[in-house]
Amino acid sequence: MKQFMKRPLIRLAKHLSRWQDVIQQHSLLEMARQRLAFASGLLLIGFLVIAGRLIDVMVIRSHTPQQACGEADCYQLEIPRGDIVDRNGEVLATHLVTASVYANPKVILDPREAALRLSKLLPHVGYDVLLQRLTSQKGFIWLARHIPPKLQHAITHLGIPGIYLRKDYRRVYPYGPLVSHVLGYCGIDNNGLSGVEKFFDIKLQNEKTPLKLSIDVRVQHIIHDELTKAVAEFKAQGGNAMVMDLKTGEILAMVSLPDFDPNLPNQNQPKATFNRNTLGVYEPGSIFKILNIAIALESETASLNSAYDATNCVKIGRFTVTDFRGKNRVLSLAEAFIYSSNIAAIKMAQQFGTQTQKFYLNKFGIFNTLKVEVPEIGQALVPTNWSQATTMTVSYGYGVSVTPLQALTTIAGVINNGYRPQPTLIFQDKSFENPNSSPPIVSEKTSKLIRRFMRINSKEGPGRRTEQGKFKVFAKTGTAYQAKHGNYGAVKSRTNSCVGGFPYDNPRYVFLVVLDDPQPTSSTYGFAAAGWNAAPTAGKMVVRMAPILGVQPADSDEEDVTTPGWTSVKYTKGGND
């Protein structure tokens, strides 16, 4: 019986043992599956992290550099600046599509090898600079800007991971130096740094409509060409010239020499980028006698019947003022102007006095800073202590320094029936013509008389070389010695000017030509006064630009410009101005 009961118990124990083994094996398998799943999860997460990082570095950050960093080296591709055109629609400034090279140093495998290979294609950057940039901790850095197509292809062919090309825009100036001081130039990131480019920087960045200037590139070329020839012929240090529409104030041409190429902003000398017309100030000399005689007429201290004794020189402190090749006699008002007598100018100023002189010069705008659409604006230099000596020297163009644009604009007002135009470099619609919104600075009577004097001067006086093509030019020349270390006589350096307009019977255009220290030549018989260099330069300009501006030569060169106190005579060679 006991044996019978023992067998089932043994079998049951065996079955229990087997079930335990099965349960244990199942538990081990479940544990292995859990561990495998956990390990797989960790591997998947690691893979996703690595993949995300690669996508971030290789795709997202490489193609959106502005998201890769916040440093100044990051570049955001802006909409190109608006074009700049002349009054006839000729493109003066525009953009070309280029490409620039940049790098993501974080994915560069071997910076030294990459720098070595790139330096062979970018020698102007250099190995050291490239290596420094490729080993930086930034996610984006420029290597070279605005590279030509062949170089773009060569860099792409290198196949260096982390080196990329990006579409870029470059500001270009098709006419090169021709309009450089008006346009100014842009930096490498297309920000305006001078001239119209800087003055209208925000407008040009945000508006695609071309900015239309008052400049006529045809007239600009003529002025530039003749001024360049004059500077070379007379061995001048430089020169500047402008042409303005009397009725609208539009500046049709503005040239300053030496000039520069705005396409090469980093390769130009500071002297070349200096705009003599708007920033430079100078003592204008005898062209200021236009203002002096206007003051005398407006203050009623002078008339056509006035006379001035120019027999003896005038003492101003330790200086003696004379007339070059003076007449040494009494001069009428007309003679005083046309012979450009310093002595008569002084006596004129002594009659109307210091306060009257200051009043009218302020009315003319000499004491105010003239505004025009460039940031390079000079301010007149006016004596703080306006003595009797100052009154005397200012009468013939010394003692007060102004910008050439200021001199031209003020004289334009005197000869424009008293209406002083507001100079502008922006094209004006014809409806803007003759605004006359401000009170006249002189009477119409005074204006007409001064124009008559200037016309006689162009026919028979020192300015006669401005009349070269029967365009009825009226002009006034001026020769001013430059002060060196406070001394006008130590070095005979001159600033020669010629200001005027045309046509005489219906004035529409005014001009100013200035030569910085022109030298005497054999063709000028050893003379260096403005009548021998600035005047003929202006005359050549008028002959070439007048037909373009629609001004035809007169059928007859005879017109009534005679005036009391003036008898037609052959002017003495050499002249005062």
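Residues numbered from 1 in each chain as written. Predicted model: local features only at pLDDT ≥ 70, side-chain atom pairs only at ≥ 80, totals over all residues. Heavy atoms only, no water.

Engineer: Which parts of the structure should I look at to understand helix 16 (residues 444-460)?
Structural biologist: Think of an α-helix as turning once every 3.6 residues; residues three or four places apart then point the same way. Look at helix 16: 24 Å from first C-alpha to last across 17 residues, which is about the 24 Å you get at 1.5 Å a residue. Counting buried positions along helix 16 yields 12 of 17 residues, so the element is predominantly enclosed. Those residues of helix 16 lying buried are Thr446, Ser447, Leu449, Ile450, Arg451, Phe453, Met454, Arg455, Ile456, Asn457, Ser458 and Glu460. (Helix = DSSP H or I, 4+ residues; strand = E, 2+ residues; numbered from the N terminus. Expected span 1.5 Å × (residues − 1). Buried < 20%, exposed > 50% of the residue type's maximum accessible area, 1.4 Å probe, protein only.)

Engineer: Looking at this structure, how should I read the sheet that holds strand 7 (residues 251-257)?
Structural biologist: Backbone hydrogen bonds are what pair the strands of a sheet, in a parallel or an antiparallel way. Sheet architecture is open: 5 strands sit in the order 7-6-14-13-12, paired in antiparallel fashion. Every other strand in the sheet has two partners, leaving strand 7 and strand 12 (474-481) as the edge strands with one partner each. In this sheet, neighbouring strand axes are inclined to one another by 10° on average, regardless of whether the strands run parallel or antiparallel. Of the strand pairs in this sheet, strand 6 (residues 238-245) and strand 7 are connected by 6 bridges, and their pairing is antiparallel. Looking at the pairing, Gly239 lines up with Leu257 of strand 7. In this fold helix 9 (residues 217-233) packs onto strand 6, strand 7 and strand 14 (509-516), with an angle of close to 30° to the strand it touches most, strand 7. (Pairing = 2+ DSSP bridges. Axes fitted to C-alpha atoms, helices over the stretch in contact; angles between N-to-C directions. Contact = heavy atoms within 4.5 Å.)

Engineer: Looking at this structure, I do not really get the pairing of strand 13 (residues 494-502). What am I missing?
Structural biologist: Side chains on a regular strand alternate between the two faces of the sheet. Across the 9 residues of strand 13, 9 count as buried, placing the element largely inside the fold. Residues Arg494, Asn496, Cys498, Gly500 and Phe502 of strand 13 are buried on one face, and the alternating residues Thr495, Ser497, Val499 and Gly501, pointing to the opposite face, are buried as well. Examined bridge by bridge, strand 12 and strand 13 share 8 bridges and lie antiparallel to one another. Paired with Phe474 across the bridge in strand 13 is Gly501. Two elements, strand 13 and strand 14, share 8 bridges in a ladder whose sense is antiparallel. By the bridge assignment for strand 14, Asn496 is matched with Leu515. Linking two consecutive strands that pair antiparallel, namely strand 13 and strand 14, is a turn of 6 residues.

Engineer: I'm lost on helix 17 (residues 534-545) in this one. Help?
Structural biologist: With 12 residues, helix 17 extends 17 Å from end C-alpha to end C-alpha; this agrees with the ideal 16 Å at 1.5 Å per step. Within helix 17, 9 of the 12 residues are buried, which leaves the element mostly enclosed by the surrounding structure. Taken as a whole, helix 17 has its buried residues at Ala534, Ala535, Pro536, Thr537, Ala538, Gly539, Met541, Val542 and Met545. Packed against the buried residues of helix 17 are helix 9, strand 6, strand 12, strand 13 and strand 14.

Engineer: In this structure, what is going on with the nonpolar core? I would like to understand it.
Structural biologist: Buried together is how nonpolar side chains tend to be arranged in soluble globular proteins. Counting residues in hydrophobic clusters, the biggest one holds 79 residues, and the most contacted among them are Val196, Leu213, Phe364, Leu425 and Ile450. If we skip the residues at most four places from it in the chain, Leu213 touches Ile84, Val85, Asp86, Arg87, Leu92, Val182, Leu183, Val196, Leu425, Ile426 and Phe427. One finds Ala236, Leu257, Phe511 and Ala538 within the second-largest nonpolar core, a separate group that totals 33 residues. (Core = buried A, V, L, I, M, F, W, Y, C linked by side-chain atoms within 4.5 Å.)

Engineer: Explain the packing of aromatic side chains to me, please; I cannot follow it from the model alone.
Structural biologist: What the rule picks out here adds up to 15 aromatic pairs. Here Phe199 and Phe200 contribute two aromatic rings whose centre-to-centre distance is 5.0 Å and whose plane-to-plane angle is 70°, an arrangement assigned as edge-to-face. Relative accessible area serves as the criterion here: at 43%, Phe199 is assigned to the partly exposed category. Through successive ring pairs, a cluster of aromatic residues spans Tyr102, Phe140, Trp142 and Tyr164. Positioned above the aromatic ring of Trp142, the side-chain terminus of Arg145 is 4.3 Å from the ring centre. (Phe/Tyr/Trp six-rings, centres within 6.5 Å; stacked < 30°, edge-to-face > 60°. Lys NZ or Arg CZ within 6 Å of the ring centre and 35° of its normal.)

Engineer: So what exactly am I meant to see when it comes to unusual backbone geometry here?
Structural biologist: Excluding glycine, a negative phi dihedral is what most residues carry, and trans is how most peptide bonds are arranged. Backbone torsion omega between Leu257 and Pro258 reads 5°, so that peptide bond is classified as cis. Tracing the chain through its elements places Pro258 in the loop between strand 7 and helix 10 (270-273). A cis geometry characterises the amide bond from Phe502 onward to Pro503, with omega recorded as -10°. Within the fold, Pro503 resides in the loop between strand 13 and strand 14. Phi at His146 takes a positive value of approximately 55°, unusual for a residue other than glycine. One can find His146 in strand 3 (residues 141-147). Taking relative accessible area as the criterion, His146 reaches 15% and is therefore assigned buried.

The quantities given are spatial measurements derived from coordinates; they are silent on function.
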